[in-house]
Protein chains: 2
Amino acid sequence: MGTAFCTPLLDRGHEVRLVGTHLDGAYIDMLRATGIHPGLEYPLPPGATFHQIEEVPNALDGAQMLVIGVSSAGISWAARTLAGLVPPGLPLILITKGIEWRGTTFELLPDLLVEGIPETVRPTLHPVAVTGPCVAGELIRRRETCVIFSGRSPSAVRTWRDAASTPYYHVWASADLAACQASAALKNAFAVAVGFASGVVAPSAGEKSGSSELQGVGAHNYESAVFAESIVEMAQLVELVGGAPSAVVGLAGAGDLLVTTHARSIRLGRLLGLGRSLDEALTEMAGVTLEGVATIGAFANAFRTLDASGRTQPEDFPLMRHLIAVANGEPVRVPFNRFFGGTSADVALATGSR
Amino acid sequence: MGTAFCTPLLDRGHEVRLVGTHLDGAYIDMLRATGIHPGLEYPLPPGATFHQIEEVPNALDGAQMLVIGVSSAGISWAARTLAGLVPPGLPLILITKGIEWRGTTFELLPDLLVEGIPETVRPTLHPVAVTGPCVAGELIRRRETCVIFSGRSPSAVRTWRDAASTPYYHVWASADLAACQASAALKNAFAVAVGFASGVVAPSAGEKSGSSELQGVGAHNYESAVFAESIVEMAQLVELVGGAPSAVVGLAGAGDLLVTTHARSIRLGRLLGLGRSLDEALTEMAGVTLEGVATIGAFANAFRTLDASGRTQPEDFPLMRHLIAVANGEPVRVPFNRFFGGTSADVALATGSR
C-alpha cells in the first residue's frame, strides 16, 4: 500500500523517497532494479527513489512530508525508528489503521505513533490518517478510488488532501479521526465474520464430497445478514470508541467493509467457518497480514473492563462477541436471532421434515 | 421466490397451494410432475399442491392466508385477478417489492395492491411485505436467511412472523412499511450502479484485448465507493419517500444491497459500464426481470416534479441522477467528486504522466 500510495503523489509532481522496513529489503532491491513491486506487478511513475531501512535518516533529510505505511503491529517500531528524525511541524499521514485498548481507554494508532516522538516535537505534529476502500493494486493502476483523510487539525487534513488528490484518487476530509480509525480497524474484524458464510455452507453445498449438485448456490443470504449486522455494530462500536456512528454510512464503514470482502480477512473467516481453529487457520495463512485478529483481541480486552463497569452489556454486540468466542476456540455458530436488537422470533419447526 | 417461500411455510406445517401466473404454466406442470422448480433445482418439502392460474378461485377457497409473489410489474394484474376473491380480513403478505411515482406522491406496492380490492373488503386488509437479503435458491435449501416483515398493523406483522419463522428463516418485524419498500426498490437501482465498475474497468484490464496482464485486479475501489454512496443516497431517498433513513443501516439497506451485488442487476450495470445503451443491454438480457429499471424510472419522474417545486435540488442524489442519465443514453461516468456531499477536491494532475 505504501508503494501504491506513491502513484498519486508522483502524479502530483512530488519527489518520493520510498523506504522499506527491515522486512522489505528484497522488495526495495527489486524496486531499484525494475521499478516494480512484485506484489503489485505494475510500474510506478518516474520520480521515486528506493531506500533500505538504514537510509531512513538520509531519506528524511529535507523531506517536506512523511507517509507511514507499516502494518498496525509495526507502529511502535515505526515510532522508535522515527523518534529522533522527525523535525517539528512535519506533515504526517498514516496509511496504517487501527486502535488498541490500553486498559481503560481505546488509543488510536496515529496517537500511538506521535506518543513515541520526543516531547519537544510532539505538540507540533498533527497526524492525518487515510481510511476508506483502497486496494493497492487498483490504486497503482490509477483506477478510480475514493478515500477519507481524517485528522483533528483541519489544516493538516487540507495540506494532505491538496498534496495527494488526483482525478482518479478522490479525497474527502474529516475531523473525526476516532470514527475513521475505529471503523477502519473494525471492518477487518467484521470481514472475518462475513467470510464465515462460504465456509459454513461449503460442506452442505457438496464441496467436500465433490458433488456439484448445488454448484452456484452460495450463502449470500447468510453473508448479507452478517454484513448488515456488521454495519449496525460498527456504528455502535465507533460510538464506544468516541466517534460519530453516522460515519459508517459511507466510505469508512459500508464502503470499506465491502472492499474488504474481496481481501484476505474473508479467507480467514472461511477457514474458521470450515471448522479450523484460529491457530490452524493462521498457520494455513502464514505470511499474510491479518489486522482483524488484533482488532478482535482489542475488543475482547475492552469488553472485559467495560462489561465489569457496566458501560457495555453482555447482550450488546452479539457478532463481535461471537468473533471473540471463535477466536477463543468456539465453533462458528452465528447468533442470528440476537442480531438487530434481538427481536427475531426463534420458532421451533412444527414438522420434522428438515 | 414464491416457490422458495413455500419451504418455511411447509416446514411450519402449513398446507400450501402454489398458483402460477399466466406466464408460469410450464413451471406449474413441472412442479406437479417432479416437485422441483427448474430455476431452483431443489425439491420442496411435502405438503404443497400446484395450480394453474385458472384455478385461483379454488386455490383461494378456504385459504387462511395469502402470499403474493408476482414481479412488481404484475402488481395491478394481481390486484385485478384477486379483486373479487379476497375475503374480508385475509392475512396478506407481498414478496413483491417496489414503489411507484403517482404524479405528486410515491405509492408503495402493497397499497397499490389493496387499492384494487373492492371497497367493502379493503379496510379489513393489512398488507405485510417481505424485505431484506433473500436469494430464493438459498432459502429453498434452508440456508440461514434473515428478513424483515413490515406493515402498518403490528398484529398483522406478528401473524406472518409467527407463521413463517423457522430456525433458518429469521424474521424481524417493522412498522416502517415505507422505509422497507423504498429501500427494497432502491437497492435494485443502485445495484446497477455498483455493477458499472467491472464494465468500466474491463477494457483497461485487458479483457477486450484478451491480455491477462492485469488479471485478478478488479475495480473494487470504484465498486465500494459507489456502494457507499448508494447507502448514503438510499437513506436520503427513503426519507423522501416517507420512511426512517436509519432503516438502511441493516438488512433493508446494506444487507439487501450486498446480496443484490450477486444478482442480475449487477450484470445490467456491467453492460452499461462496457458502453452498451440501456436498450442494447436489456436486449442482451431479454427474459430477465430487472426491477431496478422501473425504480430508476420512478425517480426520474419524481425528480421532475420535486425539483420544480424545490423539494429536491438538482445537486442532490448525484448517483441516482447519473443512473437516470445513463438510462437516457448518457455514457457511464460516475460523478465521484459529487459524492458524500461533494466535498472531494478535484485537482488537476500536475504532471502529464497518466
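Report follows, based on the coordinates. Because the structure is predicted, anything quoted here is derived from the model rather than measured.

**Some details on the state of the cysteines**
(1) Moving on: Applying the stated rule across the entire model yields zero disulfides over all chains.
(2) Moving on: We note that Cys6(A) lacks a disulfide partner, and the nearest cysteine sulfur, in Cys134(A), lies 12 Å from it.
(3) Moving on: Judged by relative accessible area, Cys6(A) falls into the buried class, the value being 3%.
(4) Moving on: The thiol sulfur of Cys146(B) is not disulfide-bonded, and the nearest other cysteine sulfur, from Cys134(B), lies at 9.8 Å.

**Considering the pattern of salt bridges**
Residues and elements named next belong to chain B.
(1) Moving on: One pass over the full model with this rule turns up 18 salt bridges over all chains.
(2) Moving on: Put simply, aspartate 111 and arginine 152 hold a salt bridge, and the shortest N to O gap is 2.8 Å. Taken as a pair, aspartate 111 in helix H5 (residues 109-115) and arginine 152 in the loop between strand E8 (145-150) and helix H7 (154-164) lie far apart in primary sequence, 41 residues in all.
(3) Moving on: With relative accessibility at 53%, the residue arginine 152 sits in the exposed group.

**Considerations on unusual backbone geometry**
(1) Moving on: Phi at Glu41(A) takes a positive value of approximately 50 degrees, unusual for a residue other than glycine.
(2) Moving on: Within the secondary structure, Glu41(A) sits in the loop between helix H2 (25-34) and strand E2 (48-51).
(3) Moving on: For Phe340(B), which is not glycine, the phi dihedral falls at a positive 50 degrees.
(4) Moving on: Among the secondary structure elements, Phe340(B) is positioned in the segment after helix H14 (318-327).

**Quick word on the nonpolar core**
(1) Moving on: Ranked by internal contacts, the top residues of the largest apolar core, which has 142 residues, are Phe196(A), Phe299(A), Met320(A), Phe196(B), Phe299(B) and Met320(B).
(2) Moving on: Look past the residues within four positions of Met320(A) in its chain and what remains in contact with it is Leu186(A), Ala189(A), Phe190(A), Glu233(A), Leu237(A), Phe299(A) and Phe303(A).

**What about the packing of helix H8 (residues 177-201) of chain A against helix H13 (residues 291-308) of chain A?**
Residues and elements named next belong to chain A.
(1) Moving on: Their axes nearest at 7 Å, the elements H8 and H13 cross at an angle of 105 degrees. Taken as axis vectors, H8 and H13 run roughly perpendicular relative to one another. Judged by residue contacts, Ala185, Leu186, Asn188 and Ala189 of H8 engage Glu291, Gly292, Thr295, Ile296 and Phe299 from H13.
(2) Moving on: Taken together, the residues of the contact of H8 with H13 sort by class into five nonpolar, three polar and one charged.

**Some thoughts on the sheet that holds strand E9 (residues 169-174) of chain A**
All names here are of chain A.
(1) Moving on: Overall, mixed pairing links the five strands, which are arranged E3-E4-E7-E8-E9 in an open sheet. Single-partner strands in this sheet number two, and they are strand E3 (66-68) and E9. Each neighbouring strand pair of the sheet contributes to a mean axis angle of 25 degrees, computed without reference to strand direction.
(2) Moving on: As paired strands, E3 and strand E4 (residues 92-94) are joined by three bridges and run parallel to one another. Bridge pairing links leucine 66 to leucine 92 in E4.

Calculation notes
Residues numbered from 1 in each chain as written. Chains lettered and ligands numbered in written order. Predicted model: local features only at pLDDT ≥ 70, side-chain atom pairs only at ≥ 80, totals over all residues. Heavy atoms only, no water. Disulfide = S-S within 2.5 Å. Buried < 20%, exposed > 50% of the residue type's maximum accessible area, 1.4 Å probe, protein only. Salt bridge = Lys/Arg side-chain N within 4 Å of Asp/Glu carboxyl O. Helix = DSSP H or I, 4+ residues; strand = E, 2+ residues; numbered from the N terminus. Core = buried A, V, L, I, M, F, W, Y, C linked by side-chain atoms within 4.5 Å. Contact = heavy atoms within 4.5 Å. Axes fitted to C-alpha atoms, helices over the stretch in contact; angles between N-to-C directions. Parallel < 35°, antiparallel > 145°, perpendicular 65-115°, else oblique. Nonpolar A, V, L, I, M, F, W, Y, C, P; charged D, E, K, R; others polar. Pairing = 2+ DSSP bridges.

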